[in-house]
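Descriptive structure summary
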Amino acid sequence: MDLDELDLALLRLLLEEPRAGYREYARVLGVARGTVQARIARLERRGAITGYAAHVSPAALGYTVQAFVHLHLAQGMLDDVTERLGRIPEVLEAHSTTGEGDLLCRIAAVDNGHLEQIVQALLALPGVVRTRTEVALRSRVPYRVLPLLKQVKPGG
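Our subject in this report is the structure included herewith. (Residues numbered from 1 in each chain as written. Predicted model: local features only at pLDDT ≥ 70, side-chain atom pairs only at ≥ 80, totals over all residues. Heavy atoms only, no water.)

**With respect to the pairing of strand S1 (residues 65–73)**
S1 sits mainly inside the fold: seven of its nine residues count as buried. Where S1 lies against strand S3 (residues 103–109), seven bridges are found, and the strand directions are antiparallel. For His70, the partnering residue across the bridge sits in S3 and is Leu104. In this structure, S1 lies alongside strand S4 (residues 128–136), joined through eight bridges in antiparallel fashion. When the sheet's bridge partners are listed, Val69 is paired in S4 with Thr133. (Buried < 20%, exposed > 50% of the residue type's maximum accessible area, 1.4 Å probe, protein only. Helix = DSSP H or I, 4+ residues; strand = E, 2+ residues; numbered from the N terminus. Pairing = 2+ DSSP bridges.)

**Some remarks on the packing of helix H2 (residues 22–29) against helix H3 (residues 33–45)**
Each pair of packed helices can be described by the angle between their axes along with the distance between the axes. Orientation of H2 relative to H3, taken along the N-to-C sense of each, is 110°, at an axis distance of 8 Å. Comparing the axis directions of H2 and H3 gives the class roughly perpendicular. Side by side, H2 and H3 meet where Tyr22, Arg23, Tyr25 and Ala26 of the first sit next to Arg33, Val36, Gln37 and Ile40 of the second. Its residues assigned to classes, the contact of H2 with H3 shows five nonpolar, one polar and two charged. (Axes fitted to C-alpha atoms, helices over the stretch in contact; angles between N-to-C directions. Parallel < 35°, antiparallel > 145°, perpendicular 65-115°, else oblique. Contact = heavy atoms within 4.5 Å. Nonpolar A, V, L, I, M, F, W, Y, C, P; charged D, E, K, R; others polar.)

**With respect to the pattern of salt bridges**
Applying the stated criterion across every chain, the model contains nine salt bridges. In this structure, Asp4 engages Arg39 in a salt bridge whose closest nitrogen and oxygen atoms are separated by 2.8 Å. Taken together, the positions of Asp4 in the segment before helix H1 (5–16) and Arg39 in helix H3 put the pair 35 residues apart, joining distant regions of the chain. For the salt bridge of Asp7 with Arg39, the shortest nitrogen-to-oxygen distance reads 2.8 Å. With Asp7 in helix H1 and Arg39 in helix H3, this pair connects stretches of sequence that are 32 residues apart. The exposure class assigned to Asp7 is buried, which follows from its relative accessible area of 1%. (Salt bridge = Lys/Arg side-chain N within 4 Å of Asp/Glu carboxyl O.)

**A few points about the sheet that holds strand S2 (residues 91–96)**
Strand order in the open sheet made by the four strands is S2-S3-S1-S4, with antiparallel pairing throughout. Each of the sheet's edge strands pairs with one partner strand only, and the pair in question is S2 and S4. Recorded for the sheet is a direction-independent mean angle of 20° between the axes of neighbouring strands. Contacting S1, S2, S3 and S4, helix H5 (residues 112–123) runs over the sheet at an angle of about 155° to S4.

**Side note on a nonpolar patch on the surface**
Together, Leu15, Tyr143, Val145 and Leu148 line one region of the surface with nonpolar side chains, adding up to about 450 Å² of accessible area. Positionally, Tyr143 belongs in the loop between S4 and helix H6 (146–151). Under the relative-accessibility criterion, Tyr143 is labelled exposed at 74%. (Patch = residues over 30% accessible without salt bridge, like charges linked within 9 Å, V, L, I, M, F, W, Y side chains within 5 Å. Areas by Shrake-Rupley, 256 points an atom, 1.4 Å probe, with all protein chains shown as cover.)

That's the geometry; what it means functionally is another story.
Following this line, the structure appears as C-alpha cells:
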C-alpha cells in the first residue's frame, strides 16, 4: 500500500490519540477537517484501518488466566474447526500457523479449572486430534503496531 507522509502522520495520531477527533487531527496536522475525513475513509477502504474499538482487559471481566493452545487437526478439517472456534467465547483469537500444530488459539479463562474445561471442549471438537497448552504468566509486550508504523517510509 502506498502511504504518503500525511497518511503515516494520521495513522500515528489515530494510534497515539484515538479519541481526539477529526477536528483535533486536522489542527495537529495543519490540514482541513475534510482532508482528514477523506484520508481516513480512503485508509479504511484500502484496509489500512481495520476497525475502531476500545481495548478491554479480559482480566477486568474476571478472565484472569490467559493461555495459548496449539491445535493439531485431522487433514481437511481446518475450516470446520475454525468455524466452531468462533462460537467459543473464550477463544480470543486463532491463527493458522506453520511448525508444530495447525492452529494457535489465545484463550481467556476464569481460573485453571475453567481453562481445563475449555481445553477439553477444544479436544472434543470434530477434527481436533490433540492440543498443547501454554499458560501465559504475564504479558511483557502487549499487541502493538505503532513501532512498525514509525519505521514505514512515505511511499514505501
